[in-house]
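In case you want the letters, here they are:
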Amino acid sequence: MHWMAWWKMCVPKNQGGMGFRDIHCFNLALLAKQAWRLLDNPDSLCATILRAKYYPNGDLLNSKPKHGASFTWQSIMEGITTLKRGYIWRVGDGHNINIWEDAWIPNCATRKIVTPKGGQLLSRVVDLIDPVSNIWDEDLIKQTMWPIDAERILKIPLSQHNMSDFIAWSYTKNGMFSVRSAYSVEWNDQYGSKLKHSNGMGRTTPNPIWCQIWKLSCPAKVKNFIWRTLHGTLPCRATLANRHMKVSPLCPTCSQGVEDTKHMLFLCTKAKDVWKRLGIDEIIDRACEVDRAGEAILEYLLVLPDQDLRIMGYQNVREMIAISAWYLWWERRKLVHKETTQNATQISMGIIALTYNFVNASSSKASMKKGGWQCPPRGFVKLNVDASFDHDLLEGTMGAVLRDDKGRFIAGGNGKIDYCADVLMAEALALKFGLNLAQRAGCNRLIINSDNLEVIETMQDGGQSAGAAAAIFDDCYHYACDFTLTKFEHCNREANKVAHEIARVAKFSETRDWFEEPMSDIVNLLIDNVTVISNK
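Not measured: the values here are computed from a predicted model.

Draft legend 1. Spatial organisation of the pattern of salt bridges. Throughout the structure, instances matching the rule amount to 15 salt bridges. The shortest N-O distance in the salt bridge between Arg332 and Glu259 comes to 2.8 Å. With Arg332 in helix α16 (residues 317–336) and Glu259 in the loop between α10 (237–242) and α11 (261–267), this residue pair connects regions lying 73 residues apart in the sequence. Glu259 matches Arg332 in its accessibility class, with the two residues each being buried. Between Lys497 and Asp528 there is a salt bridge, with its nearest N and O atoms 4.0 Å apart. Note that Lys497 is positioned in helix α21 (residues 497–505) and Asp528 in helix α22 (residues 523–529), a separation of 31 residues in sequence. Overall, the relative accessible area of 27% leaves Asp528 in the partly exposed class. Within the structure, one salt-bridge network assembled from shared partners comprises Arg85, Glu186 and Asp189.

Next up, the structure:
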């Protein structure tokens, strides 16, 4: 399906396009470069040959097409047309510059005199210069020119050492020709007027939303998605129905409303749940009151002042909003194509992790995390267990957490230990509790992590122990044999922070299990574990 004209894709990024190069305009800019080289190096072999045949008077800019000219010269003539749109004469002695026809006035859109020639006999700029003092003849200029031209001419500095006139490029600071600026000049000449009348693009002052999009610290696919959404080219069902496609306009996620951009991103029950879990549902509700169009709501959110975004308690909220919009569309796409989707809790955690990773990566202090939790191999589930032990009361607590190969939370739980003889027994009971949790969660291939080296070594030796926890280790061994595949690996405390926190929480609250949706106390730790880049 055709969504947008190619020339609109070639609009500069800060004006709402993708900044792609129009091949025809770019080719003309390259040809203008060749014409510039003929002007800049008039003594080169190529310039000498072409001048002898096509412009013997040396006036390249005013040369005319000739019958039977070579394809090379015809191409250069096209480049000269582009060059004329941006060249400007720099005044030296004034002998080579025609007052009325040449471009020599800076700070003017056309770079030419506005005053009509009428019956004036003056023809060259040298006629406006006092030959004795070598400065502008102010009285003559004011008598001849309109006030605006007189003011501009008198501001042009003159050399006191008989400098020759020369041609410069008016669209660069140093006056030297550049293909980039020539392309911009040519593109604006061909499409500038069309841009001003198309869909809000090409306003007198650029819409700040376009610059805001490309400055976001998020994946390029997210920026492209936001760009498509703001242009109304997101293939929601209502949009497809408006384009005469035979589809049901109802939302495929909730079936409670027509799926347009606003509904899909902000009003769908799943979207509302995600925004609520991110803690920015109030500002979304206020934004939905601003405009009926989803594109306008998204734009409003992304250009909110920083002070309005800081009050929500998050950093980089703008990036989080953009990534959330993309994530919701990604989940919707998976649902339509009958792929496995995530619940609102998993989506919100994925959004925060993705945001933090990219924001941290853009920092000058960014570095890869070392020694932290790592995802298991594909197809495996990782079980982390930990326990706390009170030496005085001879009791403790235990915690366990299960995560898949993408770091997503599967299950977690904690419990209290009424009696344990030592730390090793507490850690063994935590392992037994974790294996039981994995069985209830339906895991098959398991990697078990504990920060207690003695527990790991005992289980690697087949659960053989002569200590007080011998019976517990034997139970753990038989539990482990019920799985298709198990691996016991030691980890440091940094990699076991989630299990440690779950065990700690059991001291002060009721013990329980969580499946698919983690308790709020460990959400930030889960996100931190899958954040692979640090800016500290």
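Draft legend 2. Molecular detail of a nonpolar patch on the surface. On the surface, a nonpolar cluster with roughly 250 Å² of combined accessible area is contributed by Met1, Met245 and Val247. Its place among the elements puts Met1 in the segment before α1 (6–9).

Draft legend 3. Looking closely at the packing of helix α2 (residues 23–40) against helix α4 (residues 71–84). It is at 7 Å that the axes of α2 and α4 come closest, and there the two elements cross at 90°. The orientation of α2 relative to α4 falls into the category roughly perpendicular. Together, Leu28, Leu31, Ala32, Ala35, Trp36, Leu38 and Leu39 of α2 and Ser75, Ile76, Glu78, Gly79, Ile80, Thr82 and Leu83 of α4 make up the contact between the two elements. Grouping the amino acids of the contact of α2 with α4 by side-chain chemistry returns ten nonpolar, three polar and one charged.

Draft legend 4. Just the environment of Gln15, in detail. In this fold, Gln15 is placed in the loop between α1 and α2. The class of Gln15 is partly exposed, set by a relative accessible area of 23%. Taking the C-alpha atoms as reference points, Gln15 and Pro206, 191 residues apart in sequence, are found 5.6 Å from one another.

Draft legend 5. Representation of the nonpolar core in the model. The biggest cluster of nonpolar side chains holds 65 residues, and the ones touching the most others in it are Ile226, Phe266, Trp275, Leu298 and Leu301. Residue contributions to this core peak at ten residues, all from α16. Ignoring any residue separated from it by four or fewer positions in sequence, one finds Ile226 in contact with Ile213, Leu298, Leu302, Ala322 and Ala325. One finds Trp7, Tyr87, Trp89 and Ile141 within the second-largest nonpolar core, a separate group that totals 52 residues.

Draft legend 6. Quick look at the sheet that holds strand β6 (residues 409–417). With respect to topology, six strands assemble into an open sheet ordered β8-β7-β4-β5-β6-β9, the strand pairing being mixed. If you trace the sheet from one side to the other, it starts and ends with β8 (485–490) and β9 (513–515), each paired once. Averaged over all pairs of adjacent strands, the angle between strand axes in this sheet comes to 15°, irrespective of strand direction. As paired strands, strand β4 (residues 381–390) and strand β7 (residues 445–450) are joined by five bridges and run parallel to one another. The residue of β7 that forms the bridge with Val385 is Ser450. Strands β4, β5 (395–403), β6, β7, β8 and β9 of the sheet are contacted by helix α18 (residues 423–441), whose axis makes an angle of about 145° with β4. α21 contacts β4, β5, β6 and β9 of the sheet and is inclined by roughly 140° relative to β5.

Parameters at a glance
- Residues numbered from 1 in each chain as written.
- Predicted model: local features only at pLDDT ≥ 70, side-chain atom pairs only at ≥ 80, totals over all residues.
- Heavy atoms only, no water.
- Salt bridge = Lys/Arg side-chain N within 4 Å of Asp/Glu carboxyl O.
- Helix = DSSP H or I, 4+ residues; strand = E, 2+ residues; numbered from the N terminus.
- Buried < 20%, exposed > 50% of the residue type's maximum accessible area, 1.4 Å probe, protein only.
- Patch = residues over 30% accessible without salt bridge, like charges linked within 9 Å, V, L, I, M, F, W, Y side chains within 5 Å.
- Areas by Shrake-Rupley, 256 points an atom, 1.4 Å probe, with all protein chains shown as cover.
- Axes fitted to C-alpha atoms, helices over the stretch in contact; angles between N-to-C directions.
- Parallel < 35°, antiparallel > 145°, perpendicular 65-115°, else oblique.
- Contact = heavy atoms within 4.5 Å.
- Nonpolar A, V, L, I, M, F, W, Y, C, P; charged D, E, K, R; others polar.
- Core = buried A, V, L, I, M, F, W, Y, C linked by side-chain atoms within 4.5 Å.
- Pairing = 2+ DSSP bridges.

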